[in-house]
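# Notes for the structure review
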Amino acid sequence: MGDASLQTTPEAPTPRAVLVLDDEPNVLAGLRRALRKEPYDLLCASAADAAFDILHSRAVDIVISDQDMPGMTGTVFLTKVRQLYPETIRFMLTGQATLDVALQAINDNAVSQFFTKPCDHATLAQNIREALEQKEAERTLEQTRQQELELKDRLLSHVSHELRSPLTAIYQFVTLLLDGLAGELTSQQQEYLSIVLRNVNQLQAMVQDLLDCSRTDSGQLHLDLQWHSIVPLVEETLSTLKPTAAAKNIDLIATLPEPLPQVYADPVRLQQVLRNLLENSIKFTPPSGSIAVGAHCPADDPDVLCLTVTDTGCGIRPEDTTRIFERLSQATDTIDENRQGLGLGLYLCRELITRHGGRIWVDSQVGQGSTFYVAVPLRTHNHP
Amino acid sequence: MPEAKILIIEDDADQLIGLKLRLQAHGYTVVHAADAVSAVRVARQERPDLILLDIGLPAGDGFVVMQRLHNLVDVAHVPIIIVSARDPEHHAERALDAGAYCYFQKPVDNRELLDAIEDALGITV
């Protein structure tokens, strides 16, 4: 949506400006003459204060500073510029080009280029031009990236919307049939339609995940944080997924110790995380396996409640345990290569939990199974 | 069984039938309209007890319909439940501010929708 445009976009590309700070009037006059035909505004200041006044009042692309000036050295000035206006390119032009000054300027990351006086104006002009071109290219690239993100958001939002309509009709008619509203069903018909319904629900969840992934990328995913118990949430998720697990003859159980402290989280999002973890486990656990949901308060971290999902699945190789949480990633060489998915589920889990100020990770042994851990904050957390 | 009359404003013929059959099975009388213009006319004629309203409609969206309905003396008090494929993140707040009883994103769970209808009608089951 249009809201994405509220994010920081590069400033308007007009007009380019180069600011020179030097306490010697003849240096400024010389530069003014030499650069007068260049396609940017040349602004001059003879003291750091005046230079900052200019910087505060308009966008400046490049600052060129002398080193030895009354009041403030060029290195100090340029370091401040870097802190206040990191996008501004910084050059030094000095007659006191000692090795110490140059080293300090470079090591403090105060300048990108260093010129000595007297300087060849043509070379300086050329360097300014190249730096401006590079900056322009970076700006264009960033703009393109932003536009692509917005386009992708709109596309995903549109796709998600369009998929929901046929999905709704399928859901309506399958449930009409299942509820016997079009006549009594044989047990086989009942069974087959239950499979259709289960897949409709899965498809619906995928449509939601797809949209949420797009939202996390554009920073539009909102959390509705509240204090609540995870018990009903776990039970509800389990009862939703029991049929899917049963279809593979997988035992799906929850063992939650009592009492458990309340968590401070978005219950809908937390349920989405648990659902994704369980679907993932069901997908990678061979028939007749088992999946257990647990919870505990870790002794070494009193600020979180740890939710666990343990399966007897194919396991994850050590080198993949981090990568599986990346976007569009799936562990390679799983036992059953037919088990594909969008590759968004675990990424979404990580994004959702990180936004809560929590953490998600996995312990796994190939061939033995995996345990996913979700650390959910127990107290209010200042979000980044 | 409830005997209320429900107006479904929905332009997708399949979804309309699906929803209609579901509501009829629960004892409701169902009337319908498929676009923004006829929605207002049918509402005025039929005097429904409750309205299920889609947002994406031909000839003016659901928000326009809602505003027109609220301006009709005979219909202004009728509770409106929004059932739309559109993202609630962007539309639910606006719909509730405009006076909708609640907002569901499609596909909506049958039980949840029926519960909301009963709540809106003040039916205690």
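Just so it is clear, the model here is predicted, and its values are computed rather than measured.

About the criteria used
Residues numbered from 1 in each chain as written. Chains lettered and ligands numbered in written order. Predicted model: local features only at pLDDT ≥ 70, side-chain atom pairs only at ≥ 80, totals over all residues. Heavy atoms only, no water. Salt bridge = Lys/Arg side-chain N within 4 Å of Asp/Glu carboxyl O. Helix = DSSP H or I, 4+ residues; strand = E, 2+ residues; numbered from the N terminus. Buried < 20%, exposed > 50% of the residue type's maximum accessible area, 1.4 Å probe, protein only. Pairing = 2+ DSSP bridges. Axes fitted to C-alpha atoms, helices over the stretch in contact; angles between N-to-C directions. Core = buried A, V, L, I, M, F, W, Y, C linked by side-chain atoms within 4.5 Å. Contact = heavy atoms within 4.5 Å. 1 Å grid on protein atoms, 1.4 Å probe; cavity = no way out; pocket = protein on both sides within 12 Å on 5 of 7 lines; lining within 4 Å. Points joined across faces, edges and corners; volume = space filled by probe spheres on them. Nonpolar A, V, L, I, M, F, W, Y, C, P; charged D, E, K, R; others polar. Buried area = accessible area lost by both parts, 1.4 Å probe. Polar contact = N/O pair within 3.5 Å; in protein donor to acceptor, adjacent residues only side chain to side chain.

## Structural notes on the pattern of salt bridges
All names here are of chain A.
- Counted under the stated rule, the structure contains 25 salt bridges over all chains.
- With its nearest N and O atoms 3.0 Å apart, the salt bridge here joins Arg129 to Glu38. Of the two residues, Arg129 is situated in helix α5 (residues 121–178) and Glu38 in the loop between α1 (25–35) and β2 (41–45); the sequence distance between them amounts to 91 residues.
- With a relative accessible area of 30%, Arg129 lands in the partly exposed category.

## Things to note about the sheet that holds strand β3 (residues 50–53) of chain B
Residue and element names in this part refer to chain B.
- Taken together, the 5 strands give an open sheet; going across it, the order is β2-β1-β3-β4-β5, and neighbouring strands pair in parallel fashion. The open sheet has two free edges, formed respectively by β2 (29–33) and β5 (102–105), since each of these has just one partner strand. With strand direction ignored, the average angle separating the axes of adjacent strands in the sheet is 20°.
- Here 3 bridges tie β3 to strand β4 (residues 80–84), and the two strands are oriented parallel to one another. Bridge assignment links Leu53 to a residue of β4, and that residue is Ile82.

## Examining the nonpolar core
- Core analysis: the biggest nonpolar cluster contains 41 residues, and Ile230, Leu277 and Leu278 of chain A have the highest contact counts within it.
- Elements with a minimum of two residues in this core: α7 (231–247), β8 (263–265), α8 (267–284), β9 (290–296), β10 (304–311), α9 (345–355), β11 (359–365) and β12 (369–377) of chain A.
- In contact with Leu278 of chain A, not counting residues within four places along its chain, are Thr237, Leu238, Leu241, Leu252, Ile291, Val293 and Val309 of chain A.
- Leu7, Ala39, Val78 and Ile82 of chain B belong to the second-largest nonpolar core, a separate cluster that totals 26 residues.

## Remarks on empty space enclosed by the protein
- This model, assessed by the stated rule, comprises 2 cavities of 30 Å³ or more.
- Looking at the largest cavity, its volume works out to about 160 Å³.
- Taken together, 20 residues form the lining of the largest cavity, with Gln172 of chain A together with Leu19, Val83, Val108 and Leu113 of chain B sitting closest to its centre.
- At the level of secondary structure, the elements contributing two or more residues to the lining of the largest cavity comprise α5 of chain A together with β1 (5–9), α1 (13–25), β3 and α5 (110–121) of chain B.
- Here the lining of the largest cavity takes 5 residues from α5 of chain A, the largest share from any one element.
- Taken as a whole, the second largest cavity spans an internal volume of roughly 100 Å³.
- Secondary-structure elements contributing two or more residues to the lining of the second largest cavity are α5 and α6 (187–217) of chain A.

## Quick notes on the layout of surface pockets
- Size it by volume and the largest pocket reaches roughly 1700 Å³.
- Taken together, 44 residues make up the lining of the largest pocket; nearest its centre are Gln204, Gln208, Val268 and Gln271 of chain A together with Glu112 of chain B.
- Of all elements in the fold, only α5, α6, α7 and α8 of chain A together with α4 (88–97) and β5 of chain B reach the threshold of two or more residues within the lining of the largest pocket.
- Looking at side-chain class alone, the lining of the largest pocket contains 15 nonpolar, 14 polar and 15 charged residues.

## Digging into the interface of chain B and chain A
- The interface is formed by 19 residues belonging to chain B together with 22 residues belonging to chain A.
- In this assembly, chain B packs against chain A so that about 1800 Å² is buried in total across both faces, 54% of it on carbon and sulfur atoms.
- Considering only the surface of chain B that becomes buried against chain A, Arg22, Glu89 and Pro107 of chain B emerge as the three largest contributors, covering 31% of it.
- Inspection of the chain B/chain A interface yields 1 salt bridge.
- One salt bridge in this structure joins Arg22 of chain B and Asp179 of chain A, with 2.7 Å as the shortest N-O distance.
- At the boundary of chain B with chain A, the tally comes to 8 residue pairs in polar contact (both at pLDDT 80 or more).

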